[in-house]
Amino acid sequence: MSLRQTISALAIAATVATGLAVAPMAQAATRDHPATMKVFLHSTEREVLDLGATGATLGDVVTGSGTVRASKNGKLLGSFAYRAETVRVSMPGGIENRQSTQWITFADGSVMLSSLISVPQGTRPVTSQEYVIVGGTGHYSGVAGTATFTPKSANNYVLTFHFVD
């Protein structure tokens, strides 16, 4: 084997070894959170844009934001913001569907959630809703799983993340 072939073979081997060593570390970075994480949301702003006829109609938009804490009155962890658009009304039982997106922002990154939620027409959610974890940024880059959004009162909610590898 020539010197050139030996150097090329060593360079390829070093590149492969480096890639194999780095891949587990990059993957491990996204698993550096608990499998389940519970946070407490308190809504401080809410606005309803009533489009079309008065009352619940297609295209109505609800937006809002608030704080994220470790417990109901615990340490402030960050903030959340959401937007929900009405996509179906006059369902049996006076229910409407809204396409809902939420951003939960922590000091070390954010998590994005999305769901088609069911709520009593023209009101806030009153039952638990399941969201898909779309992804995240920073510490939460590459996360996946689901989140359960549980109303506790008009402005207080518990959000439980169920992360999967």
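### What to know about the side chain of S115
Step number 1: Along the chain, S115 turns up in strand β5 (residues 109-120).
Step number 2: A relative accessible area of 11% places S115 in the buried class.
Step number 3: Apart from the residues lying within four places of it in its own chain, the contact partners of S115 are R98, Q99, S100, E130 and Y131.

### Concerning the pattern of salt bridges
Step number 1: With the rule as written, the count across this model stands at two salt bridges.
Step number 2: Residue E96 is joined to R98 by a salt bridge in which the shortest nitrogen-to-oxygen separation is 3.0 Å.
Step number 3: On the basis of relative accessibility, which here comes to 1%, the residue E96 falls in the buried class.
Step number 4: What makes R98 buried here is its relative accessible area of 4%.

### Considering the sheet that holds strand β1 (residues 36-49)
Step number 1: Here eight strands make up a closed barrel; going around it, the order is β1-β2-β3-β4-β5-β6-β7-β8 and the pairing antiparallel. Within the sheet, the average angular offset between the axes of one strand and its neighbour, ignoring direction, is 30°.

### What to know about the packing of aromatic side chains
Step number 1: If you walk through the whole model with that rule in mind, you get seven aromatic pairs.
Step number 2: When the ring of Y131 is compared with that of F149, the centres are 6.0 Å apart and the planes differ by 65°; the resulting orientation is edge-to-face. Of this pair, Y131 sits in strand β6 (residues 129-136) while F149 sits in strand β7 (residues 144-151), placing them 18 residues apart in sequence. With respect to class, Y131 is no different from F149; both count as buried.
Step number 3: By the ring-pair criterion, three or more aromatic residues cluster together here, those being F106, Y140, F161 and F163.

### Let's talk about the nonpolar core
Soluble globular proteins tend to pack their nonpolar side chains together in the buried interior.
Step number 1: Among the nonpolar cores identified, the biggest contains 23 residues, and L41, I104, F106, V111, L113, L159 and F161 are the most heavily contacted of them.
Step number 2: Counting residues per element, the ones that place at least two in this core are β1, β2 (61-69), β3 (76-91), β4 (95-106), β5, β6, β7 and β8 (156-164).

### Regarding the pairing of β1
Step number 1: Bridge analysis of β1 against β8 gives seven bridges, and the strand direction is antiparallel. From the neighbouring strand, V39 faces β8, where its bridge partner is L159.
Step number 2: Here β1 pairs with β2 via nine bridges, running antiparallel. Looking across to β2, one finds that V48 is bridged to V62.

Reading the values: the criteria
- Residues numbered from 1 in each chain as written.
- Predicted model: local features only at pLDDT ≥ 70, side-chain atom pairs only at ≥ 80, totals over all residues.
- Heavy atoms only, no water.
- Helix = DSSP H or I, 4+ residues; strand = E, 2+ residues; numbered from the N terminus.
- Buried < 20%, exposed > 50% of the residue type's maximum accessible area, 1.4 Å probe, protein only.
- Contact = heavy atoms within 4.5 Å.
- Salt bridge = Lys/Arg side-chain N within 4 Å of Asp/Glu carboxyl O.
- Pairing = 2+ DSSP bridges.
- Axes fitted to C-alpha atoms, helices over the stretch in contact; angles between N-to-C directions.
- Phe/Tyr/Trp six-rings, centres within 6.5 Å; stacked < 30°, edge-to-face > 60°.
- Core = buried A, V, L, I, M, F, W, Y, C linked by side-chain atoms within 4.5 Å.

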